[in-house]
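Residues per chain, in single letters:
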Amino acid sequence: MLEFYRQMSLIRRFEEKAGQMYGQGLIGGFCHLYIGQEAIVVGFQSALKKGDGVITGYRSHGHAIVTGASSKEVMAELTGRDAGIARGKGGSMHMFDPEAGFYGGHGIVGAQVPLGAGLAFAAKYKGDDSVILAYFGDGAANQGQVYETFNMAKLWSLPIVFIVENNQYAMGTSVARSSGQQELFRRGEGFGIPGKLVDGMNVLEVRAAADEAVAHVRAGKGPLLLELKTYRYRGHSMSDPAKYRTREEVKTTREERDPITFIKKRLLEDGETEETLKVIDNEIKAEVADVADFAQNAPEPDPSELYTDILVES
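Worth saying up front: this structure is predicted, and the values here are computed from it rather than measured. (Residues numbered from 1 in each chain as written. Predicted model: local features only at pLDDT ≥ 70, side-chain atom pairs only at ≥ 80, totals over all residues. Heavy atoms only, no water.)

A. Spatial organisation of the overall build of the protein. Along the backbone of the protein there are 11 helices and 5 strands. For 314 residues, the compact-globule formula gives about 20 Å, and the C-alpha radius of gyration of the protein, at 19 Å, lands near that figure. Counted over contacts in the protein with a minimum sequence separation of 6, partners at least 24 positions apart contribute 76%. Of the accessible surface of the protein, which amounts to about 14,500 Å², a share of 51% is contributed by carbon and sulfur atoms. Across the protein, 35 positive and 43 negative side-chain charges occur, with their mean positions spaced 4 Å apart. (Helix = DSSP H or I, 4+ residues; strand = E, 2+ residues; numbered from the N terminus. Rg over C-alpha atoms; globule rule 2.2 N^0.38 Å. Contact = heavy atoms within 4.5 Å. Areas by Shrake-Rupley, 256 points an atom, 1.4 Å probe, with all protein chains shown as cover. Lys, Arg positive; Asp, Glu negative; His and termini not counted. Charge placed at Lys NZ, Arg CZ, Asp CG, Glu CD.)

Shown next, in the form of structure tokens:
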């Protein structure tokens with residue numbers, strides 16, 4: 001639980017600093033923050049083993065960090081530096097670290113889902129026992145390619161867990177206004193894919209669900225669909241004023257359901273000390289300050305980088 005607290009706190013602090021740097025003009029393009037949703041990726045990643053794969057959409061900074069990229073590499077990517085996880089060419093929306101089993105960061109809504117099925121097909125074809133996690137949001141849950149993928153994944157019994165990070169508003173429209181079937185974990189039933197609803201603000205419940213799901217898929221029993229009910233505190237992106245919900249709603253969620261507050265309370269109840277948690281907080285604060293300094297001062301890519309990573313020769 002201490003490691004869960006540390007990882008979620010790092011993502012939170014990192015994202016807050018990224019938002020600040022974006023406002024200062026140090027980060028360009030689009031930027032989608034993960035603040036409020038930290039328990040999902042931390043809980044799931046803790047259930048994986050080396051060789052498993054992760055793919056997600058464009059709200060991907062936290063996913064990149066917990067799969068193995070250093071916070072320096074991720075922040076340097078945001079500032080477009082050569083030390084970035086994708087040599088400064090991917091930016092916020094296109095993180096990529098295949099050596100760590102992280103396959104993006106994808107800007108097209110829902111595109112990562114069929115790509116995830118492709119990764120799962122490759123794992124099955126090679127005969128290993130790898131599991132693929134394909135994260136997508138409640139907005140992407142209405143994309144047609146998602147359902148074509150469900151059908152193929154079930155037909156071929158692919159080793160993939162589909163994870164809907166339901167933060168309830170997609171780009172700005174609530175699930176109630178955009179989805180006829182609002183229980184998103186039931187969306188796979190027509191294809192024979194079992195589903196489950198999980199509290200995405202409770203990292204312990206996420207971890208328990210992840211253990212169960214990964215074991216099911218790794219045993220060759222086919223795909224699963226999990227809906228992780230969560231909430232993002234910031235707008236869809238940095239340019240979103242989030243006027244489609246009230247300040248009271250956000251404030252109430254932060255006060256009553258915050259994932260970091262939950263695990264902190266649980267640690268204290270189990271006998272951990274405030275001093276231990278303060279040490280972790282101070283270490284993370286210092287790390288993020290160092291990360292921000294590094295990302296602002298690292299060299300930019302050489303112009304020749306324009307012509308790399310555009311062709312694979314076999």
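Structure's up, so let's keep going.
B. Broad picture of the sheet that holds strand E2 (residues 132-137). Strands sit in the order E1-E2-E3-E5-E4 across an open sheet of 5 strands; the sheet is parallel. This sheet does not close on itself; its edge strands, each paired only once, are strand E1 (53-55) and strand E4 (195-199). Neighbour-to-neighbour, the strand axes of this sheet turn through a mean angle of 20°, independent of strand direction. Of the strand pairs in this sheet, E2 and strand E3 (residues 160-166) are connected by 6 bridges, and their pairing is parallel. (Pairing = 2+ DSSP bridges. Axes fitted to C-alpha atoms, helices over the stretch in contact; angles between N-to-C directions.)

C. Inspection of the side chain of Asn202 at higher detail. Mapped onto the elements of the fold, Asn202 is located in the loop between E4 and helix H8 (203-218). Under the relative-accessibility criterion, Asn202 is labelled buried at 15%. Not counting residues within four places of it along the chain, the set of residues in contact with Asn202 comprises Ala39 and Phe262. (Buried < 20%, exposed > 50% of the residue type's maximum accessible area, 1.4 Å probe, protein only.)

D. The arrangement of the pairing of E4 in detail. For E4 and strand E5 (residues 224-229), the ladder comprises 5 bridges, and the chain directions are parallel. Within the sheet, the bridge partner assigned to Leu197 lies in E5 and is Glu227. Note on the crossover from E4 through H8 to E5: the handedness is right-handed. (Right-handed = clockwise from strand over helix to strand, strands pointing away.)

E. Region of the structure containing the packing of aromatic side chains. According to the stated counting rule, one finds 11 aromatic pairs in the structure shown. Relative to Tyr125, the ring of Phe121 lies with its centre 6.2 Å away and its plane at 20°, an arrangement referred to as stacked. Of this pair, Phe121 and Tyr125 both sit in helix H5 (residues 112-126), 4 residues apart, roughly one helical turn. Residue Phe121 is classed as partly exposed on the basis of its relative accessible area, which comes to 40%. Residue Tyr125 is classed as exposed on the basis of its relative accessible area of 70%. Ring geometry for Tyr147 versus Phe150: centroids 5.4 Å apart, planes at 80°, classification edge-to-face. On the criterion of helical spacing, the pair formed by Tyr147 and Phe150 is a turn pair, its members being 3 residues apart in helix H6 (residues 144-155). What makes Phe150 buried here is its relative accessible area of 2%. Members of the aromatic cluster, each reached through a chain of ring pairs, are Tyr147, Phe150, Phe162 and Phe191. A cation over a ring is seen here: Lys72 above Phe294, with NZ or CZ 5.1 Å from the ring centre. (Phe/Tyr/Trp six-rings, centres within 6.5 Å; stacked < 30°, edge-to-face > 60°. Lys NZ or Arg CZ within 6 Å of the ring centre and 35° of its normal.)

F. Region of the structure containing the side chain of Thr79. Counting through the fold element by element, Thr79 comes out in the loop between helix H4 (71-78) and H5. One polar contact links the side chain of Thr79 to the main-chain carbonyl oxygen of Ala76, over a distance of 3.2 Å. Beyond its immediate stretch of four places on either side in the chain, Thr79 contacts Met21, Leu26, Ile27 and Ala295. (Polar contact = N/O pair within 3.5 Å; in protein donor to acceptor, adjacent residues only side chain to side chain.)

G. Main features of the nonpolar core. Among the nonpolar cores identified, the biggest contains 62 residues, and Phe44, Leu133 and Leu226 are the most heavily contacted of them. The greatest single-element share of this core, amounting to 8 residues, is contributed by helix H1 (residues 2-23). (Core = buried A, V, L, I, M, F, W, Y, C linked by side-chain atoms within 4.5 Å.)

H. View of unusual backbone geometry. We note that Gln168 has phi near 80°; this positive angle belongs to a residue other than glycine. Along the chain, Gln168 turns up in the loop between E3 and helix H7 (175-178). Unusually for a residue other than glycine, Asp309 sits at a positive phi of about 65°. The class for Asp309 is exposed, based on a relative accessible area of 67%.

I. View of helix H2 (residues 38-45). Across the 8 residues that make up H2, a large majority, 8, are buried. Of all the positions in H2, only Glu38, Ala39, Ile40, Val41, Val42, Gly43, Phe44 and Gln45 are classed as buried.

J. Quick look at the pairing of E3. Buried residues dominate E3, accounting for 7 of its 7 residues. Across the two faces of E3 the burial is the same, with Ile160, Phe162, Val164 and Asn166 and Val161, Ile163 and Glu165 all buried. Assessed by its sense of winding, the connection that carries the chain from E2 through H6 to E3 is right-handed. One ladder, built from 6 bridges, connects E3 with E5; its direction is parallel. For Val164, the partnering residue across the bridge sits in E5 and is Glu227.

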